[in-house]
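Working through the structure, step by step
Read off the chains here:
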Amino acid sequence: MASLNLQTLGLRAINAQLNTGDIASGSSWEITEPKGQHAIACGLQADIKVDIRGHVGFYCAGMNQNADVTVHGHAGVGIAENMMSGQVRVTGNASQAAGATAHGGLLVIEGDASSRCGISMKGIDIVVGGSVGHMSAFMAQSGNLVVCGDAGEALGDSIYEARLFVRGKVENLGADCIEKTMTEEHIKTVDDLLKKAGIDGDAKDFKRYGSARQLYNFDIDNADAY
Amino acid sequence: MCGIVGLYLKNETLRPKLGELFAPMLSEMRSRGPDSAGVAIYRNSVADSETKYSLAHDSSEYDWKAIDTGIESTFKCEARITQIDTHAILVSTLAENDLRSWIAEYHPQVRLVGSGQSLEIFKEVGLPDDVYRRFSLKQAEGSHMIGHTRMATESAVTTAGSHPFATGSDLCLVHNGSLSNHNRLREQLQKEGLHFQTENDTEVAAAYMTWKLRQGLSLHSALEGAIDDLDGFYTFCVGTGDGFAVLRDPIACKHAVMAETDDWVAMATEFRSIATLPDSNNANIWEPKPATVYTWGGQGEVMH
């Protein structure tokens, strides 16, 4: 594993190094002394493994494609925002807007996520070991949000076709978000995601929430678009 | 956009290093606020019979000695003044109202920016590192500090518009955000007899806190009242005699992060300020919840 010290090398040099076209597929990298800097390991495209040893600032692992990034600590605003594929894991808590607008991949937050977790998510799977703050999954379009703890106010406000699963208490639901039945298919989805995330839990304990489809112009013929 | 930071030392053996530990915290926030900076430091408590006043003037050449000799001859009470650049710390048995009206009459360009037993406030226009250096804060010893770096949005870049703003005895406030109902609230508070030195929205929040505390409310209750009465975006860090308090508006758009170890508790707009503290890598780190009053101090416990 190659080790990169952010304080010595600087952010741009590290991000450039991880984005070189000929970077070895499957190679492992370690970033030390991140010290809360922003935009660490952004825009990665190769299927590499990156371990960040410490707490990161805003927009870490944003726009990720293929890479497997683990933050060993706390993540600031917008972790894995606009992720396309790959996996991002946070071993501590995460600040606001985790996984915002992300199209794909898996985001695992082992601790709590703050407000607006999964805001405008477009296909990402997010598994939160703890609780999420207010306005989570606001205008969420597609993908799955699994919350092992509680959810704050206005969960799923103005939601489209994303699926929300919460094991604990939901403070209240946002506009056009309703509780829905957990079918075998949904139990399997949650079970698979918990296993992929490495988080213990019985999928049968979760409740499902989603769109009542009264607020936006839903047409069943377009369901495949989500 | 602004940056705010707070540090409270739980481990008393770190107190001689307070200024040194706080310097990089404030410095990290220079990109969020290059216009002006200010800090409140809690140190060197005076006797119960005395009050410590923080005074400021536009010029470091001001004749500060005229103030303590003037007070001694006018009020026949003790007064000692120590100049630090454009500020001066006055310790006196004189009551605040008497001092305020005397200064208004004889030293109208001097601003009373804070008062209490241990609170001292220093604020100036310029980059945070420069402001910190001017007031020799790196060598400062004390129990806790709060600080602010300002990128002005609501009012002019002046020393008077710099934070922290005093809110009562040993209380002051720094703010990241902007209040939308400050004009009307200022008018209401003026009718209640509160005085304003600037057009700044944060000064209104400070005056609101002063007004609530005068009514006998606890700091916690006063901050809970602020959730109902202040409209706009805010993360406040309120310095108190034995720690500090944090409050975010119900929408919580303005960033904030808190961290705690056995030795210290800290809050900042961004974690990179806290990352400079010893053992920050092993700190418990979390984002404060919206519309929730957090009070740190005394034993370093979090109450909310």
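Look up a bit, the structure's there.
Residues numbered from 1 in each chain as written. Chains lettered and ligands numbered in written order. Predicted model: local features only at pLDDT ≥ 70, side-chain atom pairs only at ≥ 80, totals over all residues. Heavy atoms only, no water.

1. A short note on the overall build of chain B
Inclusion rule: Numbering of helices and strands runs from the N terminus; a helix is a DSSP stretch of H or I covering at least four residues, while a strand is a stretch of E covering at least two. Here the globule rule is a power law, 2.2 Å times the number of residues to the power 0.38, and the radius of gyration is based on C-alpha atoms. Any residue under 20% of the maximum accessible area for its type is buried, any over 50% is exposed, and the rest in between are partly exposed; the area is computed with a 1.4 Å probe on protein chains only. Exposure was quantified through the Shrake-Rupley algorithm and a 1.4 Å probe, taking into account, for residues, occlusion by the shown protein chains and nothing else.
Of the regular secondary structure elements, chain B holds eight helices and 16 strands. For 304 residues, the compact-globule estimate of 2.2 N^0.38 gives 19 Å, and the C-alpha radius of gyration of chain B, at 18 Å, lies within 12% of that figure. Seen through its C-alpha atoms, chain B measures out along the principal axes to roughly 55 × 45 × 35 Å. Counting all 304 residues of chain B, 59% fall into the buried class. For chain B, the exposed surface amounts to about 11900 Å²; the carbon and sulfur share of it is 46%.

2. Side note on the packing of aromatic side chains
Residues and elements named next belong to chain B. What counts here: Under the pairing criterion, centres of Phe, Tyr and Trp rings, with the six-membered ring standing for Trp, must be within 6.5 Å; the plane angle then separates stacked pairs below 30 degrees from edge-to-face pairs above 60, leaving the rest tilted. A ring is scored as having a charge over it whenever the NZ atom of a lysine or the CZ atom of an arginine sits within 6 Å of its centre and within 35 degrees of its normal.
In the structure shown here, the tally under the stated rule is eleven aromatic pairs over all chains. Between Tyr 234 and Phe 236, the ring centres sit 4.7 Å apart and the planes meet at 20 degrees, which makes this aromatic pair stacked. Of the residues examined, Phe 236 reaches a relative accessible area of 1% and is grouped as buried. One aromatic cluster is present, built from ring pairs that chain together Phe 75, Trp 102 and Tyr 106. Against the face of Phe 165 rests Lys 123, its NZ or CZ located 4.4 Å from the ring centre. For Arg 186, the ring lying beneath its charged end belongs to Phe 196, and the centroid distance is 5.8 Å.

3. Let's talk about the interface of chain A and chain B
What counts here: By the convention used here, residues are in contact when the closest approach between their heavy atoms is within 4.5 Å. Buried area, as used here, totals the accessible surface that two parts lose on assembly, with accessibility defined by a 1.4 Å probe and the loss added over both. For this document, the term salt bridge refers to a Lys or Arg side-chain nitrogen within 4 Å of an Asp or Glu carboxyl oxygen. Charged means Asp, Glu, Lys or Arg here, nonpolar means Ala, Val, Leu, Ile, Met, Phe, Trp, Tyr, Cys or Pro, and polar covers whatever is left, Gly included.
Between chain A and chain B, the contact holds 16 residues from the first and 20 residues from the second. Buried area between chain A and chain B, summed over both chains or domains, comes out near 1300 Å², and the portion from carbon and sulfur atoms is 50%. Linking chain A with chain B are zero salt bridges, by the criterion used here. When grouped by side-chain class, the residues that make up the side of chain A that touches chain B number two nonpolar, eleven polar and three charged.

4. Here we look at the pairing of strand S3 (residues 49–53) of chain A
Residues and elements named next belong to chain A. For the record, the criterion: Two strands pair under a simple rule: DSSP has to find at least two bridges between them.
Pairing analysis gives five bridges linking strand S2 (residues 28–32) to S3, with the strands arranged parallel. Its bridge partner lying in S3, Ser 28 is registered against Lys 49. Of the strand pairs in this sheet, S3 and strand S4 (residues 68–71) are connected by four bridges, and their pairing is parallel. By the bridge assignment, Asp 51 is partnered in S4 with Thr 70.

5. Observations regarding the pattern of salt bridges
Residue and element names in this part refer to chain B. This structure, assessed with the given rule, holds 24 salt bridges over all chains. Where Glu 260 meets Lys 10, a salt bridge forms, and the shortest distance between an N and an O atom there is 2.9 Å. Taken as a pair, Glu 260 in strand S13 (residues 257–260) and Lys 10 in the loop between strand S1 (2–9) and helix H1 (18–28) lie far apart in primary sequence, 250 residues in all. Look at Glu 260 and you get buried, because its relative accessible area is 17%. Residue class for Lys 10 comes out partly exposed when judged on its relative accessible area of 27%. Where Arg 133 meets Asp 130, a salt bridge forms, and the shortest distance between an N and an O atom there is 3.1 Å. Taken together, the residues Arg 133 and Asp 130, both in helix H4 (residues 128–134) and three residues apart, mark about one turn of the helix. Judged by its relative accessible area of 58%, Arg 133 falls in the exposed class.

6. Looking at the packing of helix H5 (residues 182–191) of chain B against helix H6 (residues 201–214) of chain B
Residues and elements named next belong to chain B. To be explicit about the condition: Structural elements are reduced to axes, namely lines fitted to C-alpha atoms, with helices fitted over the stretch in contact, and the angle between N-to-C directions of any two is expressed from 0 to 180 degrees. By the definition adopted for this analysis, an angle is roughly parallel if under 35 degrees, roughly antiparallel if over 145, roughly perpendicular if from 65 to 115, and oblique otherwise. When the near helix sits turned anticlockwise from the far one by under a right angle, the crossing is termed left-handed; a clockwise turn instead gives a right-handed crossing.
At a minimum axis distance of 9 Å, the contact between H5 and H6 shows a crossing angle of 40 degrees. One finds that H5 runs oblique with respect to H6. Considering the relative orientation of H5 and H6, their crossing is left-handed. Each of His 182, Leu 185, Arg 186 and Leu 189 in H5 lies in contact with H6, whose residues at this interface are Asp 201, Val 204, Ala 207, Tyr 208 and Trp 211.

7. Observations concerning the packing of helix H2 (residues 65–75) of chain B against helix H3 (residues 96–106) of chain B
All names here are of chain B. For the pair H2 and H3, the least separation of the axes is 12 Å and the interaxial angle reads 115 degrees. Between H2 and H3 lies a crossing of right-handed hand. Across the interface between the two elements, Ala 66, Ile 67, Gly 70, Ile 71, Thr 74 and Phe 75 of H2 pack against Asp 98, Leu 99 and Trp 102 of H3. Residue composition of the contact of H2 with H3, grouped by class: six nonpolar, two polar and one charged.

8. Re the nonpolar core
Soluble globular proteins tend to pack their nonpolar side chains together in the buried interior. Rule in force here: By nonpolar core is meant a set of buried Ala, Val, Leu, Ile, Met, Phe, Trp, Tyr and Cys residues that side-chain atoms within 4.5 Å join together.
Leu18(A), Ile48(A), Val50(A), Ile52(A), Ile79(A), Leu107(A) and Leu145(A) are the most contacted members of the largest nonpolar core, which totals 51 residues. If you tally residues by element for this core, the top one is strand S7 (residues 122–128) of chain A, at three residues. Membership of the second largest hydrophobic core comes to 34 residues, among which are Ala37(B), Phe122(B), Val131(B) and Trp264(B).

9. Considering the state of the cysteines
Joining two cysteines, a disulfide is a covalent bond between their sulfur atoms. To be explicit about the condition: Disulfides are defined as pairs of cysteine sulfur atoms found within 2.5 Å of each other.
Under the counting rule described, the total for this entry stands at zero disulfides over all chains. The thiol of Cys148(A) is not disulfide-bonded; the next cysteine sulfur, from Cys117(A), is found 12 Å away.

10. Brief notes about the environment of Ser36(B)
Residues and elements named next belong to chain B. How we decide: Throughout this description, a polar contact denotes any pair of N or O atoms lying within 3.5 Å of each other; where both atoms belong to protein, one of them has to be capable of donating a hydrogen while the other can accept it, and for residues adjacent in sequence the pair is counted only when both atoms sit in side chains.
In this fold, Ser 36 is placed in strand S2 (residues 36–42). With 23 residues separating them in the primary sequence, Ser 36 and Ser 59 have C-alpha atoms 16 Å apart. Setting aside residues no more than four positions away along its own chain, Ser 36 makes contact with Glu 124, Val 125, Gly 126, His 148, Thr 149, Arg 150 and Ser 162. A polar contact of 3.4 Å, which involves the side chain of Ser 36, links it to the side chain of Ser 162.

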